[in-house]
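# Per-entry structural report
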Amino acid sequence: QVHLVESGGGLVQAGGSLRLSCAASGRTFSSYSMGWFRQVPGKEREFVAAVNWSGSNRFYADSAKGRFIISRDNTENTVFLQMNSLKPEDTAVYYCAADLTRVVHTTVAEYDYWGQGTQVTVSS
């Protein structure tokens, strides 16, 4: 079992930055990969970024490349998503998720546990 709690969302102007955090508990944090997804009402949840168990392998959606950075601190059982140069189209509920393998995946179905989400709103 893995319990995930996101924080750090909020309202920011376009061009600004936010740092999301996701605290994990339960299974040994360094034994699984982590991902960030986002969802807007009426649309499917979409992949944003993922990092493998050690932090050595990261993967980003095209929309996130060059602006977002995913990282993890295995001593603090936390994964982060640094979001820079935010755009109004980044507005969504952001979810962190745990994938109980050591491989980076980009699809919702590959992830086993999910947090409750944190709202990010970017004003124009």
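Data block above holds the structure.
Parameters at a glance
Residues numbered from 1 in each chain as written. Predicted model: local features only at pLDDT ≥ 70, side-chain atom pairs only at ≥ 80, totals over all residues. Heavy atoms only, no water. Helix = DSSP H or I, 4+ residues; strand = E, 2+ residues; numbered from the N terminus. Rg over C-alpha atoms; globule rule 2.2 N^0.38 Å. Buried < 20%, exposed > 50% of the residue type's maximum accessible area, 1.4 Å probe, protein only. Areas by Shrake-Rupley, 256 points an atom, 1.4 Å probe, with all protein chains shown as cover. Lys, Arg positive; Asp, Glu negative; His and termini not counted. Charge placed at Lys NZ, Arg CZ, Asp CG, Glu CD. Salt bridge = Lys/Arg side-chain N within 4 Å of Asp/Glu carboxyl O. Polar contact = N/O pair within 3.5 Å; in protein donor to acceptor, adjacent residues only side chain to side chain. Contact = heavy atoms within 4.5 Å. Pairing = 2+ DSSP bridges. Axes fitted to C-alpha atoms, helices over the stretch in contact; angles between N-to-C directions. Disulfide = S-S within 2.5 Å.

### Some thoughts on the overall build of the protein chain
The helix and strand tally for the protein chain stands at zero helices and eleven strands. The order of α-helices and β-strands along the protein chain, N terminus first, is β-β-β-β-β-β-β-β-β-β-β. Taken over the C-alpha trace, the protein chain has a radius of gyration of 13 Å; the compact-globule value for 124 residues is 14 Å, and the two agree within 12%. Across its three principal directions, the C-alpha atoms of the protein chain cover 40 × 30 × 25 Å. Counting all 124 residues of the protein chain, 44% fall into the buried class. Accessible surface for the protein chain amounts to roughly 6,100 Å². Of this, 48% is attributable to carbon and sulfur atoms. In the protein chain, 11 side chains carry a positive charge and 11 a negative one; their mean positions are 3 Å apart.

### Concerning the pattern of salt bridges
This structure, assessed with the given rule, holds four salt bridges. As a salt-bridge pair, glutamate 46 and arginine 38 come within 2.6 Å of each other at their nearest N and O atoms. When its relative accessible area of 37% is taken as the criterion, glutamate 46 is described as partly exposed. Linking arginine 38 and aspartate 90 is a salt bridge whose minimum nitrogen-to-oxygen distance equals 2.9 Å. With a gap of 52 residues between them, arginine 38 in strand β4 (residues 33–39) and aspartate 90 in the loop between β8 (78–83) and β9 (92–99) connect regions that are remote in the sequence. Salt bridges sharing common partners tie together Arg38, Glu46, Arg67 and Asp90.

### Description of the side chain of aspartate 90
A residue is classified by how much of its surface remains accessible, and aspartate 90, at 1% relative accessible area, is buried. A distance of 2.9 Å separates the side chain of aspartate 90 from the side chain of arginine 38, its partner in a polar contact. Look past the residues within four positions of aspartate 90 in its chain and what remains in contact with it is Arg38, Arg67, Phe68, Ser85, Val120 and Val122.

### A word on the sheet that holds strand β3 (residues 18–26)
Read from one edge to the other, the open sheet built from four strands follows the order β1-β3-β8-β7, with strand pairing classed as antiparallel. The open sheet has two edge strands with one neighbour each: β1 (2–7) and β7 (68–73). If you compare each strand with its neighbour and ignore which way they point, the axes differ by 15° on average. Of the strand pairs in this sheet, β1 and β3 are connected by six bridges, and their pairing is antiparallel. Each bridged residue has a counterpart across the sheet, and for serine 7 the counterpart in β3 is serine 21.

### Points about the state of the cysteines
As used in these notes, a disulfide is a covalent bond between sulfur atoms, one from each of two cysteines. The final tally for this structure, using the stated rule, is one disulfide. Covalently, cysteine 22 is tied to cysteine 96 through a disulfide, its sulfur atoms 2.0 Å apart. In this structure the cystine formed by cysteine 22 and cysteine 96 twists about its S-S bond by roughly 50°; its chirality is therefore right-handed. Placement of the pair is cysteine 22 in strand β3 and cysteine 96 in strand β9, with a sequence separation of 74 residues. For the pair cysteine 22 and cysteine 96, one class covers both residues: buried.

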